[in-house]
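What follows is each chain in one-letter form.
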Amino acid sequence: MNGIYLLMGSNLGNRLIYLKKAASLIIKKGIKIIDESNIHETEPWGPKNQDWFLNIALEVATSKNPEKLLATVLDVEEKLGRIRKEKWGERSIDIDILYYNDKIKNTESLVIPHPAIQKRRFTLIPMVEMCPFEIHPTLNKTQIELLAECNDPLDCKLTDHKL
């Protein structure tokens, strides 16, 4: 994998505004957005009694190491009112580090690559749009192969929204 990739999602309030504000804050914190996927509207993973998400993947450039990048995205989430009360519950903004080049990390606070990439269409579809032939560093499969093998039944619809 050559690149640092984030996934952002929101399913509370004005979801698009939360995505835009998160992108703006990321840039203000010295992280450059190199590429972005389309924005998709996706069924919630986990509890069904919540609104659908808007999701977007970003390729970013930063000199921050993975731990500092995690601290930065957690700070952005906090500034945008993210409250962690239920696993896979509603959230104003969620920002996950999917890949950090070909780095493999597995600590209590950070796992890279994100451990659920291969299980979620709402992650794989945007990644295929941006980097279809990039290889997952531990599964040794391209993003296209991971999507073809993914059995996630949740809907993921392309929108016409832009950041």
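Keep in mind that this is a model prediction, so the values were computed, not measured.

Calculation criteria
- Residues numbered from 1 in each chain as written.
- Predicted model: local features only at pLDDT ≥ 70, side-chain atom pairs only at ≥ 80, totals over all residues.
- Heavy atoms only, no water.
- Helix = DSSP H or I, 4+ residues; strand = E, 2+ residues; numbered from the N terminus.
- Rg over C-alpha atoms; globule rule 2.2 N^0.38 Å.
- Buried < 20%, exposed > 50% of the residue type's maximum accessible area, 1.4 Å probe, protein only.
- Contact = heavy atoms within 4.5 Å.
- Areas by Shrake-Rupley, 256 points an atom, 1.4 Å probe, with all protein chains shown as cover.
- Expected span 1.5 Å × (residues − 1).
- Phe/Tyr/Trp six-rings, centres within 6.5 Å; stacked < 30°, edge-to-face > 60°.
- Lys NZ or Arg CZ within 6 Å of the ring centre and 35° of its normal.
- Pairing = 2+ DSSP bridges.
- Salt bridge = Lys/Arg side-chain N within 4 Å of Asp/Glu carboxyl O.

**Student:** Please set out the overall build of the chain residue by residue, giving values where relevant.
**Tutor:** Helix and strand content of the chain: four helices and eight strands. Helices (α) and strands (β) of the chain occur, in sequence order from the N terminus, as β-α-β-β-β-α-β-β-β-α-α-β. Rg of the C-alpha trace for the chain: 15 Å, near the compact-globule value of 15 Å for 163 residues, within the 12% margin. Overall, the chain is about 40 × 35 × 30 Å in size when its C-alpha atoms are taken along their principal axes. For the chain, with 163 residues in total, the buried portion stands at 49%. For the chain, contacts bridging at least 24 residues in sequence account for 69% of all contacts bridging at least 6. Of the roughly 8,300 Å² that the chain leaves accessible, carbon and sulfur atoms contribute 49%.

**Student:** Go over helix H1 (residues 15-28), please, and point to the residues and values.
**Tutor:** In a regular helix each residue adds 1.5 Å, so 14 residues correspond to 20 Å; H1 covers 20 Å between its end C-alpha atoms and thus fits that length. Within the sequence span of H1, burial applies to Arg15, Leu16, Leu19, Ala22, Ala23, Leu25 and Ile26. Trailing H1 by a residue or two, glycine 30 shows a phi angle of about 85°, which is positive.

**Student:** Describe the packing of aromatic side chains, with residues and values.
**Tutor:** Applying the stated rule across the entire model yields two aromatic pairs. Summarising the aromatic geometry, the rings of tyrosine 5 and tyrosine 99 are spaced 6.3 Å apart at their centres and angled 85° between planes, so their arrangement reads as edge-to-face. Residue tyrosine 5 is located in strand S1 (residues 4-10), and its partner tyrosine 99 is located in strand S5 (residues 94-100); the two are separated by 94 residues in the primary sequence. On the accessibility criterion, tyrosine 5 (2% relative accessible area) is buried. With centroids separated by 6.3 Å and ring planes inclined at 70°, the aromatic side chains of tryptophan 45 and phenylalanine 122 adopt a geometry described as edge-to-face. Of this pair, tryptophan 45 sits in the loop between strand S3 (40-42) and strand S4 (53-61) while phenylalanine 122 sits in helix H3 (residues 121-130), and the two are 77 residues apart along the sequence. On the basis of relative accessible area, phenylalanine 122 is assigned to the buried category, the value being 11%. For arginine 120, the ring lying beneath its charged end belongs to tryptophan 45, and the centroid distance is 4.9 Å.

**Student:** Break down the pairing of S5 for me, with residues and values.
**Tutor:** The buried count for S5 comes to seven of seven residues, which makes it a mostly enclosed element. Note: S1 against S5, six bridges, orientation antiparallel. Counted as the bridge partner of methionine 8 is isoleucine 95 from S5.

**Student:** Describe the pattern of salt bridges, and please don't skip the residues or the numbers.
**Tutor:** Tallied over the full model, the rule gives seven salt bridges. Lysine 29 is the partner of aspartate 75 in a salt bridge, and the nearest nitrogen-oxygen pair spans 2.6 Å. Of this pair, aspartate 75 sits in helix H2 (residues 66-79) while lysine 29 sits in the loop between H1 and strand S2 (32-36); the two residues are 46 residues apart in sequence, bridging distant segments of the chain. Of the charged contacts, one joins glutamate 149 and lysine 141 as a salt bridge, the two residues approaching to 2.8 Å between their closest N and O atoms. In this structure, a network of salt bridges that share partners links the residues Lys29, Asp75 and Lys79.

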